[in-house]
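Here are the chains, one letter per residue:
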Amino acid sequence: MPSNDVRILAQAAVPTAAVGAVAAVVSGVVAGGKGATGAVVGTLVVILFMGLGLYVLQRTAKSLPHLFQAMGLMLYAAQILLLFIFMAAFKNTTLFHPRAFAFTLLATTLVWIAAQTRAHMKAKTLYVEPDSSASPTGDKPEKTGHSS
């Protein structure tokens, strides 16, 4: 993974983990140990789903740049759908507090999306590849191919 991609991943994952830690403390105080466990599980699910999504999106951007925007929209829709399915599957669990899990899942998802949006906006990504054959003095390079 190129360093710019790792930087964007870190800029999204760190605030998400911080909000997850706060949610775990609050859930632990409000709902006890099961609440804290639910918040930790919710945070880990969001970081895993969104991190894998970011990785897939970056791989798509490198190999199929013409599909980047459509893939991004499809990926976010799929991630949100998977998170809802995950919430529905663990709605009546006794492993952890479902309400703490759900609120943490919602909060950390929103933080991830906001942090990833901010990271992409702050990244200095070139829209056009600079021509490496142009000389720094402004001279045009000589033509080397066949002219017809």
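Residues numbered from 1 in each chain as written. Predicted model: local features only at pLDDT ≥ 70, side-chain atom pairs only at ≥ 80, totals over all residues. Heavy atoms only, no water.

Draft legend 1. Inspection of the overall build of the protein chain at higher detail. Helices and strands together make up the secondary structure of the protein chain, namely four helices and zero strands. Each helix (α) and strand (β) of the protein chain, taken in turn from the N terminus, gives the series α-α-α-α. Looking at the protein chain residue by residue over its 148 residues, the buried ones come to 27%. For the protein chain, the proportion of contacts with a sequence separation of at least 24, taken over those separated by at least 6, is 75%. Accessible surface computed for the protein chain: about 10100 Å², of which carbon and sulfur atoms make up 69%. (Helix = DSSP H or I, 4+ residues; strand = E, 2+ residues; numbered from the N terminus. Buried < 20%, exposed > 50% of the residue type's maximum accessible area, 1.4 Å probe, protein only. Contact = heavy atoms within 4.5 Å. Areas by Shrake-Rupley, 256 points an atom, 1.4 Å probe, with all protein chains shown as cover.)

Draft legend 2. Seen up close, the nonpolar core. Ranked by size, the top nonpolar core spans 11 residues in total: Ala-12, Ala-13, Val-45, Val-46, Met-50, Leu-83, Phe-96, Phe-101, Leu-105, Trp-112 and Ala-115. Those elements that place two or more of their residues in this core are α1 (3–31), α2 (33–63) and α4 (98–122). Sort the elements by how many residues they give to this core and α4 lands first, with four residues. The residues contacting Phe-96, other than those within four sequence positions of it, are Lys-34, Thr-37, Gly-38, Val-41, Phe-90 and Phe-101. (Core = buried A, V, L, I, M, F, W, Y, C linked by side-chain atoms within 4.5 Å.)

Draft legend 3. The arrangement of the packing of aromatic side chains in detail. Overall, the coordinates contain three aromatic pairs when judged by the stated rule. Plain terms: the ring middles of Phe-49 and Phe-86 are 6.1 Å apart, the flat faces sit at 80 degrees to each other, and that makes the pair edge-to-face. Remark: Phe-86 occurs in helix α3 (residues 68–89) and Phe-49 occurs in helix α2; sequence separation between them is 37 residues. Owing to a relative accessible area of 23%, Phe-86 belongs among the partly exposed residues under this scheme. (Phe/Tyr/Trp six-rings, centres within 6.5 Å; stacked < 30°, edge-to-face > 60°.)

Draft legend 4. Examining α4 more closely. The end-to-end C-alpha separation of α4 is 36 Å, in line with the 36 Å expected for 25 residues at 1.5 Å each. Three or more residues of α4 are buried, namely Ala-100, Phe-101, Thr-104, Leu-105, Thr-108, Thr-109, Trp-112, Ala-115, Gln-116 and Ala-119. (Expected span 1.5 Å × (residues − 1).)

Draft legend 5. Main features of the side chain of Gln-58. You can see Gln-58 is positioned in helix α2. The contacts of Gln-58, once residues within four sequence positions are left out, are Asp-5 and His-120.

Draft legend 6. View of the layout of surface pockets. Of the voids in this model, the second largest pocket is the one considered here, and its volume is about 160 Å³. Surrounding the second largest pocket, Ala-23, Val-26, Ser-27, Val-30, Ala-31, His-97, Arg-99, Ala-100, Phe-103, Thr-104 and Ala-107 form its lining. Contributing elements (two or more residues each) for the lining of the second largest pocket: α1 and α4. Across the lining of the second largest pocket, the residue classes tally to seven nonpolar, three polar and one charged. (1 Å grid on protein atoms, 1.4 Å probe; cavity = no way out; pocket = protein on both sides within 12 Å on 5 of 7 lines; lining within 4 Å. Points joined across faces, edges and corners; volume = space filled by probe spheres on them. Nonpolar A, V, L, I, M, F, W, Y, C, P; charged D, E, K, R; others polar.)

Draft legend 7. Fine view of the environment of Tyr-76. Along the chain, Tyr-76 turns up in helix α3. The class for Tyr-76 is partly exposed, based on a relative accessible area of 29%. For the pair formed by Tyr-76 and Met-50, sequence separation is 26 residues and the distance between their alpha carbons is 8.7 Å. In terms of polar contacts, Tyr-76 uses its side chain to reach the side chain of Gln-116, at 3.1 Å. (Polar contact = N/O pair within 3.5 Å; in protein donor to acceptor, adjacent residues only side chain to side chain.)

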